[in-house]
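Close look at the chain arrangement
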Amino acid sequence: MVLGPVLFLIFINDLDNAISTNVLKFADDTKVYRVLVDNRLDGTQLQNDLDVLGNWAVKWQMKFNVEKCKVMHYGKRNIEFEYRNFTDILSKQWHPKKIWELSSPVI
């Protein structure tokens with residue numbers, strides 16, 4: 001058994017403790033997503049959760065690779081809320097990929 005990956009999983013175990021958004025973790029990949037019923041309100045809550053995750057990363061001296069952080073919008077009525085990682089605007093993509101994937105479907 002390789003100890004490194006196990007220690008990393010223990011290290012990031014509390015990543016989603018202080019947020020209301022859904023988080024999927026697999027190895028070093030993290031996906032954050034939220035169903036947006038009220039576009040503006042839910043988009044703001046998702047941004048607040050991203051800020052909490054960013055502060056968590058600073059506290060534990062970790063970095064999210066902003067170049068690999070992508071936003072996916074779903075739904076005809078989606079207002080395509082603009083999300084940020086501190087000062088960087090997260091870019092949009094049209095198909096699933098790795099790392100920090102933000103999905104914002106509208107019902």
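Cut-offs and rules
Residues numbered from 1 in each chain as written. Predicted model: local features only at pLDDT ≥ 70, side-chain atom pairs only at ≥ 80, totals over all residues. Heavy atoms only, no water. Helix = DSSP H or I, 4+ residues; strand = E, 2+ residues; numbered from the N terminus. Buried < 20%, exposed > 50% of the residue type's maximum accessible area, 1.4 Å probe, protein only. Contact = heavy atoms within 4.5 Å. Areas by Shrake-Rupley, 256 points an atom, 1.4 Å probe, with all protein chains shown as cover. Core = buried A, V, L, I, M, F, W, Y, C linked by side-chain atoms within 4.5 Å. Pairing = 2+ DSSP bridges. pLDDT = per-residue confidence, 0-100. Salt bridge = Lys/Arg side-chain N within 4 Å of Asp/Glu carboxyl O. Phe/Tyr/Trp six-rings, centres within 6.5 Å; stacked < 30°, edge-to-face > 60°.

The helix and strand tally for the protein stands at two helices and seven strands. For the protein, the proportion of its 107 residues judged to be buried stands at 37%. Contacts in the protein between residues far apart in sequence, at least 24 positions, make up 59% of those at least 6 positions apart. When the accessible surface of the protein is totalled, it reaches about 7100 Å², and 59% of it is carbon and sulfur.

On to the nonpolar core. In globular proteins that are soluble, nonpolar side chains generally tend to be buried together. Counting 17 residues, the largest nonpolar core has Leu53, Phe64, Tyr83 and Leu90 as its most contacted members. By residue number, the principal contributor to this core is helix H2 (residues 39–59), which donates five residues.

Before going further, it helps to spend a moment on the side chain of Gln47. Here Gln47 shows up in helix H2. Residue class for Gln47 comes out buried when judged on its relative accessible area of 12%. Once residues within four sequence positions are removed from consideration, Gln47 is found in contact with Phe81, Glu82, Tyr83 and Arg84.

To continue, consider the pairing of strand S2 (residues 29–33). Looking at chain direction, strand S1 (residues 22–26) and S2 are connected through five bridges and run antiparallel. Within S2, the position partnered with Leu24 by the bridge is Lys31. Counted between consecutive antiparallel strands, the loop separating S1 from S2 contains two residues, among which Ala27 sits at a positive phi close to 55°.

Among the structural elements, Ala18 can be located in the loop between helix H1 (3–11) and S1. Take Ala18: its relative accessible area is 61%, and that puts it in the exposed class. For the pair formed by Ala18 and Trp56, sequence separation is 38 residues and the distance between their alpha carbons is 9.4 Å.

Another point: the confidence of the model for the protein. Summarising the model, the protein shows a mean pLDDT of 80, and 86% of its residues fall at 70 or more. Across the protein, H2 holds the top mean pLDDT of 91, while strand S7 (residues 101–105) sits lowest at 44.

Attention now goes to the pattern of salt bridges. Tallied over the full model, the rule gives four salt bridges. Salt-bridge contacts for Asp42 lead to Arg34; the nearest nitrogen and oxygen are separated by 3.8 Å. A residue is classified by how much of its surface remains accessible, and Arg34, at 16% relative accessible area, is buried. Between Glu82 and Arg84 there is a salt bridge, with the nearest N and O atoms lying 3.5 Å from each other.

One pass over the structure, following the stated rule, counts one aromatic pair. With centroids separated by 5.0 Å and ring planes inclined at 45°, the aromatic side chains of Phe81 and Tyr83 adopt a geometry described as tilted. Note on accessibility: Phe81 and Tyr83 belong to one class, buried.

Excluding glycine, a negative phi dihedral is what most residues carry, and trans is how most peptide bonds are arranged. Residue Gln61 is not a glycine yet carries a positive backbone phi of 55°. Relative to the assigned elements, Gln61 resides in the loop between H2 and strand S3 (70–74). Residue classification places Gln61 among the exposed positions, given a relative accessible area of 75%. Positive phi is not limited to glycine here, since Glu80 has a value of about 55°. Position of Glu80 relative to the elements: it lies in the loop between S3 and strand S4 (84–85).

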